[in-house]
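# Architecture and fold: a report
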Amino acid sequence: MRQYRPDAANLVSTVAAFLERIGPKLESGDRYEALVCRHILTMVERELTAPAEAERDDAAFVRAIRAGEFDGAWERLVEDLLAESVARVMIVKPDHLAEKHRAAK
Amino acid sequence: MPDILSDARVALQNAITRRMGAGARVENVTQATLGGSNRTLLFDVVEGAAPRRLVSREATFVGPSNDFMEPAVQFRLMRLAHGAGMRVPEPVFEYDDGDTLGPGFVTAFASGESLPRRLLAETAMHVGLARQLAEQLALLHAQPVGDFEILADVPESGDPVVALRGRIDALEESHPALEVGLRYLELHPGPARAKVAVHGDFRTGNFLVDQGRLTAVLDWECSHLSVPAADIGWFCTRSWRFGRTAQHAGGLVTRSAFLADYRAAGGEAISEDEVRWWEIHGLIRWGMYNILQAYGHLHGRSSPAFAVCGRNVALMEYDLLMTLRGEYD
């Protein structure tokens, strides 16, 4: 499984560039953005410590779903994608998960 | 940015003088901080005794990747809505070639609270507010669709699944979970209905409330032609409940209560299932907007908030899959 863009290196460098720019002149109006940056860093931290997962050709996967190739195995498809989604949200924002998925780890 | 603001003040004064005469003075110009691809200026026009607070909105980001509606179309739409008696800020004038501002337009200033967290904390007003919102939607949807010919070319005025899939495909990132949602919508079509003009972004956060009274429905740049349930389903989409998930309609009241309000206000009878179809569409669509923000972040409009949007797509996908499994409603 992969996370969506941007990749971790891009996130970190984006935040670094932002902090460098506003650091000397930080005002109350920048408070929100500073919070977002902190959120980014905690997310990256979770990602860097999570186990790596196998890559997959998502473009081909999308084409197959669109072509109806999974229509006969619908419940399994949704279940598999949900498991993958839980792992993704665990890194992005664990609080967003339903109780039973938070307890799973 | 004092220079930019003083330049804007001169430009605003020029635009006002051209239309209201030399006696009308522009005062108290401030720039609202919100809005990524728009510049919003607030100002007073003083002429005689009482100053009039106005709002200037300009599109500052014009190009092929800008999906938002042209200001001229938005202005005409707000005129139509205002003429129909809807609570929208009164459109005052459009900028033209004689102005150094624009493209854009000026409307009356509407006061009120828009922040979802604050509105949803005031639970005592929720039932009354939901009724007013349902009345606004019923009124909009009752307008003759022929008056809204300007919306016919918007992609969303065509097939809603095709339009949404097209937008996602254009953003060059594969999302199997969103495709599963689109496939579900294709396999379970809702009832065929006549199209009407829909607001297109009708949700908690896009209207103003002053002490329980709805004062303005804002953000008309996503309007298109669709079925009435499109607006109701977007309003009920889980992301817009802001944590009050049992109150499907914008975090205010239940889906069935809102549908009853809509019906009582003269709207069509719509089933909860028809609305649920649009809520699934709404989760995919909100995912698409977040992919779009990340796309902008990676293509010259870098910002921490837009970067986070790319990752937040996972949250909409989770809600979508939980909904498809019947675990979320």
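Cut-off values and rules
- Residues numbered from 1 in each chain as written.
- Chains lettered and ligands numbered in written order.
- Predicted model: local features only at pLDDT ≥ 70, side-chain atom pairs only at ≥ 80, totals over all residues.
- Heavy atoms only, no water.
- Helix = DSSP H or I, 4+ residues; strand = E, 2+ residues; numbered from the N terminus.
- Rg over C-alpha atoms; globule rule 2.2 N^0.38 Å.
- Contact = heavy atoms within 4.5 Å.
- Areas by Shrake-Rupley, 256 points an atom, 1.4 Å probe, with all protein chains shown as cover.
- Lys, Arg positive; Asp, Glu negative; His and termini not counted.
- Charge placed at Lys NZ, Arg CZ, Asp CG, Glu CD.
- Domains from an automatic or database assignment.
- Buried area = accessible area lost by both parts, 1.4 Å probe.
- Nonpolar A, V, L, I, M, F, W, Y, C, P; charged D, E, K, R; others polar.
- Core = buried A, V, L, I, M, F, W, Y, C linked by side-chain atoms within 4.5 Å.
- Buried < 20%, exposed > 50% of the residue type's maximum accessible area, 1.4 Å probe, protein only.
- Pairing = 2+ DSSP bridges.
- Axes fitted to C-alpha atoms, helices over the stretch in contact; angles between N-to-C directions.
- Parallel < 35°, antiparallel > 145°, perpendicular 65-115°, else oblique.
- Left-handed = near helix turned anticlockwise from the far one by under 90°.
- Expected span 1.5 Å × (residues − 1).
- Phe/Tyr/Trp six-rings, centres within 6.5 Å; stacked < 30°, edge-to-face > 60°.
- Lys NZ or Arg CZ within 6 Å of the ring centre and 35° of its normal.

### Considerations on the overall build of chain B
If you tally the helices and strands in chain B, you get ten helices and nine strands. Against the 2.2 N^0.38 benchmark of 20 Å for 329 residues, chain B shows a C-alpha radius of gyration of 20 Å, consistent with a compact globule. Referenced to the eigenvectors of the C-alpha coordinate spread, the extents of chain B come out at roughly 65 × 45 × 40 Å. Of the contacts formed within chain B by residues at least 6 apart in sequence, a portion of 65% connects residues at least 24 apart. Of the accessible surface of chain B, which amounts to about 13,700 Å², a share of 52% is contributed by carbon and sulfur atoms. Averaged over its 31 positive side-chain charges, chain B has a centre that lies 4 Å from the centre of its 41 negative ones.

### Comments concerning the domain arrangement of chain B
Residue and element names in this part refer to chain B. Structurally, chain B comprises domain 1 (5-108) and domain 2 (116-325). Taken over C-alpha atoms, the centre of domain 1 sits 27 Å from the centre of domain 2. Between domain 1 and domain 2, the contact holds 16 residues from the first and 20 residues from the second. In total, about 1,900 Å² of surface goes out of reach between domain 1 and domain 2, with carbon and sulfur atoms giving 68% of it. A per-residue breakdown of the area domain 1 buries against domain 2 is headed by Leu77, Met86 and Arg87, which together make up 37% of the total. The residue inventory of the side of domain 1 that touches domain 2, partitioned by class, reads eleven nonpolar, two polar and three charged.

### Comments concerning the nonpolar core
Residues and elements named next belong to chain B. Core analysis: the biggest nonpolar cluster contains 90 residues, and Leu133, Trp220, Ile232, Phe258, Ile284 and Tyr318 have the highest contact counts within it. Counting contributing residues, this core receives three or more from each of domain 1 (5-108) and domain 2 (116-325). Every residue in contact with isoleucine 284, bar those within four places of it in the chain, is listed here: Leu164, Ile168, Leu178, Gly181, Leu182, Leu185 and Leu320. Leu12, Val29, Val92 and Tyr95 belong to the second-largest nonpolar core, a separate cluster that totals 17 residues.

### Focus: the pairing of strand β5 (residues 104-108) of chain B
All names here are of chain B. Within β5, five of the five residues are buried, which leaves it mostly tucked inside the rest of the structure. As paired elements, strand β4 (residues 91-94) and β5 share three bridges and run antiparallel to each other. Bridging from a neighbouring strand, phenylalanine 93 pairs with valine 106 of β5.

### Structural notes on the packing of helix α9 (residues 272-298) of chain B against helix α10 (residues 304-324) of chain B
All names here are of chain B. Here α9 crosses α10 at 165°, and the two axes come no closer than 7 Å. The orientation of α9 with respect to α10, classified from their angle, is roughly antiparallel. In this structure, the crossing between α9 and α10 has a hand that is left-handed. The segment α9 lies against α10, with Ile280, Leu283, Ile284, Trp286, Gly287, Asn290, Ile291, Gln293, Ala294 and His297 engaging Phe306, Ala307, Cys309, Gly310, Asn312, Val313, Met316, Asp319, Leu320, Thr323 and Leu324. Considered class by class, the residues forming the contact of α9 with α10 number 13 nonpolar, seven polar and one charged.

### Quick notes on unusual backbone geometry
Omega for the peptide link from arginine 5 of chain A to proline 6 of chain A comes to -5°, which places this bond in the cis form. Turning to its location among the elements, proline 6 of chain A is positioned in the segment before α1 (8-22). Cis rather than trans, the peptide bond between glycine 102 of chain B and proline 103 of chain B has omega equal to 5°. With respect to the helices, strands and loops of the structure, proline 103 of chain B is situated in the loop between β4 and β5.

### Quick notes on helix α4 (residues 126-141) of chain B
All names here are of chain B. If you check α4, its first and last C-alpha atoms are 22 Å apart, about what 16 residues at 1.5 Å a residue would give, namely 22 Å. Taken residue by residue, α4 has His126, Leu129, Ala130, Gln132, Leu133, Ala134, Gln136, Leu137, Ala138, Leu140 and His141 as its buried positions. Of the surrounding elements, those touching the buried residues of α4 are α3 (116-121), β6 (196-198), β7 (207-210), β8 (213-217), α7 (228-236) and α8 (255-264).

### Some points on the packing of aromatic side chains
Residues and elements named next belong to chain B. Inspection of the entire model under this criterion finds eleven aromatic pairs over all chains. For the ring pair tyrosine 318 and tyrosine 328, a centre distance of 6.3 Å and an interplane angle of 80° mean the geometry is edge-to-face. Residue tyrosine 318 is located in helix α10, and its partner tyrosine 328 is located in the segment after α10; the two are separated by ten residues in the primary sequence. Across the pair, tyrosine 328 and tyrosine 318 agree in class, each one buried. Over the face of the ring belonging to tryptophan 240 we find arginine 203, whose NZ or CZ atom lies 4.0 Å from the ring centre. Of note, arginine 285 hangs over the ring of tryptophan 234, and the distance from its end group to the ring centre comes to 4.0 Å.

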